[in-house]
Amino acid sequence: MLTRFEVSNFKNFNDNLVLDLTETKKFQFNEECVENGIVKKALIYGQNGTGKSNLGYAIFDILKHLTTKNVNNQFYSNYLNADSKKKTVSFVYEFKFQNGKVRYCYTKEDHATLLKEKIEINNKVFAEVDREKSTQSVINAKGAESLKKNIENKHVSIVSYIKNNAFLDEGDKTNKAFYEFIDFVENMLFFRSLDDGNSYMGHSVGGKEIDKDIIDHDNVRRFEAFLNKLGIKCKLDVLDPAGLKILVFVFENKVIPFYEIASSGTRALALFYFWFQRMEEKNIKFIFIDEFDAFYHFELAKNIIEILKEQNIQIMLTTHNTSLMSNELLRPDCYFLINHSRISNLSNLTVKELREAHNIEKMYKAHAFAI
């Protein structure tokens, strides 16, 4: 899992922004939201323009040079902080896996151009290169001894170079942690549904029509039950005119194509279910859903969180909905506040000892948490 993330000079983050997911307390409620002292389910709040979306873009910057998965390059325009004279952006990721801890840091001058990289596994340098000083890299991976060390291309990551060209000793614990890191990044997912449409990054390549994907997964009946459980009373079916399968709503006297009359909230649920099918396939490691409840009633938003709590996936959500800020749903160390220079969980933003009975939404509105 991701345990810590730092970014500096990216978009609105002028100062070094640090997200620490290990600053947890020993709450004895909603314990499934934290695993081995690491926040597994997080809800992020902040005023408009404080960087909730930018935090997601920053975390997913890693996809550009470590994977071939889908990346939305529009999210990375105006890459550098406009108020800063610095010409680079720095990132630090820390992970904890079964075979150890991985720390990966790099510096870029734009979304595609790498200047520095360093990956440490269990506190030992696995590989590094600093192209501002030399194109000669250091590679300590077992099984990569014969690799050329000169990496001149600033668009080539040393991590990807090792992954794609070395035959690493798979019995070595350090190499196992390296492959766990690669697998985690390959299976990160960002998505959102807003007025400007649906968008996603990571996990997959290309696009697919949502209704046809549900049909292809043979999940029409399950999707129908999913909608009805969440209060969208409906009956669904599939029409097959001229070999084109179409998801439809079934009424007493007629059928209507799903997307002709589905509300914004129902469309957002269809997008959620599109990715939920992949969650159930157990191959997603990390999810960031930006403004996950933009089209949801607050009760529906609560139900979605309850569904996500059942998934064995590290998940972050952004929202403005304070009715979700409740110890009945998560816990104080899983609710985060962000501004331009800091992000922290509620437990660390008050001197008060928080308990399950506290109304943290009321406290938040009374400015009890100083960010």
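Below: a short report on this structure. (Residues numbered from 1 in each chain as written. Predicted model: local features only at pLDDT ≥ 70, side-chain atom pairs only at ≥ 80, totals over all residues. Heavy atoms only, no water.)

Here we look at the overall build of the protein
Short version of the rule: Under the scheme used here, helices are H or I runs from DSSP no shorter than 4 residues and strands are E runs no shorter than 2 residues, and both carry numbers assigned from the N terminus. To get the radius of gyration, use the C-alpha atoms; to get the globule rule, take the number of residues to the power 0.38 and multiply by 2.2 Å. To sort residues, take the accessible area from a 1.4 Å probe on protein chains only and compare it with the maximum for the residue type: under 20% means buried, over 50% means exposed, and anything in between is partly exposed. Every residue pair with non-hydrogen atoms within 4.5 Å of one another is taken to be in contact. All accessible-area figures derive from a Shrake-Rupley calculation using a 1.4 Å probe, and residue coverage is judged against the displayed protein chains alone. Note that His is not counted, nor are the chain ends; the positive residues are Lys and Arg, and the negative ones are Asp and Glu. We put the charge of a Lys on NZ, of an Arg on CZ, of an Asp on CG and of a Glu on CD.
Helix and strand counts for the protein come out as ten helices and 19 strands. Compactness check: the protein gives a C-alpha radius of gyration of 22 Å against a globular reference of 21 Å for 371 residues, within 12% of the reference. On the principal axes, the C-alpha backbone points of the protein span a range of 70 × 60 × 45 Å. The buried share among the 371 residues of the protein stands at 55%. Sequence separation of 24 or more characterises 61% of the internal contacts of the protein that already satisfy a separation of 6 or more. Here the protein has roughly 17,400 Å² of accessible surface; of this, 46% comes from carbon and sulfur atoms. Computed over 50 positive and 50 negative side-chain charges, the separation of the two mean positions in the protein equals 4 Å.

Observations regarding the pattern of salt bridges
Put simply, the rule is: Here a salt bridge means any side-chain nitrogen of Lys or Arg lying within 4 Å of a carboxyl oxygen belonging to Asp or Glu.
On inspection of all chains with the given rule, the structure shows 23 salt bridges. The residue Glu 224 makes a salt bridge to Arg 221 at a minimum N-O spacing of 2.9 Å. Remark: Arg 221 and Glu 224 occur in helix α6 (residues 220–229); sequence separation between them is three residues, near one turn of the helix. Residue classification places Glu 224 among the buried positions, given a relative accessible area of 16%. Accessibility expressed as a relative area gives 44% for Arg 221, which makes it partly exposed.

Considering unusual backbone geometry
Here the phi dihedral of Asn 30 falls at roughly 45 degrees; this positive angle occurs in a residue that is not glycine. Its location among the elements puts Asn 30 in the loop between β2 (13–20) and β3 (34–35). Classification of Asn 30 by relative accessible area gives buried; the value is 14%. One non-glycine residue with positive phi stands out, namely Asn 123, at about 70 degrees. Within the secondary structure, Asn 123 sits in the loop between β8 (113–121) and β9 (124–130).

Some details on the sheet that holds strand β15 (residues 255–257)
Rules: DSSP calls a pair of strands paired once it identifies at least 2 bridges connecting them. Throughout, an axis means a line fitted to C-alpha atoms (over the contacting stretch in the case of helices), and angles, computed between N-to-C directions, take values from 0 to 180 degrees.
Spatial ordering of the open sheet is given by β13-β14-β15, a layout of three strands whose pairing is antiparallel. Both outer strands of the open sheet, β13 (236–239) and β15, are each paired with one neighbouring strand and no more. Strand-to-strand twist across the sheet, computed as the mean angle between neighbouring axes with direction ignored, equals 45 degrees. Pairing of strand β14 (residues 246–250) with β15, which is carried by three bridges, proceeds in the antiparallel orientation. What sits directly across from Val 248, in β15, is Pro 257. On the sheet, α6 packs against β13 and β14 and is oriented at approximately 150 degrees with respect to β13.

With respect to the sheet that holds strand β10 (residues 138–139)
Strand order in the open sheet formed by seven strands is β2-β1-β6-β7-β8-β9-β10, with antiparallel pairing between adjacent strands. Looking at the sheet topology across the chains shown, the edges are occupied by β2 and β10. Pairing between β9 and β10: two bridges, direction antiparallel. Among the inter-strand pairings, Ala 127 is bridged to a residue of β10, identified as Ile 139. Seen against the sheet, helix α1 (residues 52–59) touches β1 (2–10), β2 and β6 (89–97) and runs at an angle of roughly 105 degrees to β1. With respect to the sheet, helix α4 (residues 173–186) is in contact with β1, β6, β7 (100–110), β8 and β9, its orientation differing from that of β6 by roughly 115 degrees.

Quick word on the nonpolar core
Note that soluble globular proteins tend to have their nonpolar side chains buried in a common cluster. Using the following cut-off: The nonpolar core is taken to be a set of buried Ala, Val, Leu, Ile, Met, Phe, Trp, Tyr and Cys residues, with the residues joined through side-chain atoms within 4.5 Å.
Counting residues in each nonpolar core, the largest one holds 125 residues, and the members touching the most others are Phe 181, Phe 272 and Ile 304. Here this core gets ten residues from one element, more than from any other, and that element is helix α8 (residues 264–280). The contacts of Phe 181, once residues within four sequence positions are left out, are Ile 62, Leu 66, Phe 95, Phe 97, Val 102, Tyr 104, Ile 119 and Val 159.

A look at the pairing of β9
In terms of strand pairing, β8 meets β9 through six bridges, oriented antiparallel. Bridging from a neighbouring strand, Lys 118 pairs with Glu 128 of β9. The turn joining β8 and β9, which pair antiparallel and follow one another in sequence, is formed by two residues; a positive phi near 50 degrees is taken by Asn 122.

Some thoughts on the side chain of Arg 131
Locating Arg 131 in the fold gives a position in the loop between β9 and β10. No salt bridge forms around the buried Arg 131; measuring N to O, its nearest opposite-charge neighbour Glu 117 is 4.4 Å away.

Thoughts on the environment of Ile 121
Mapped onto the elements, Ile 121 comes out in strand β8. Judged by its relative accessible area of 2%, Ile 121 is buried. Each C-alpha atom of the pair Ile 121 and Asn 312 lies 24 Å from the other, and the pair is 191 residues apart in sequence. Leave out the neighbours within four places in its chain, and Ile 121 touches Lys 101, Val 102, Phe 126, Thr 174, Ala 177 and Phe 178.

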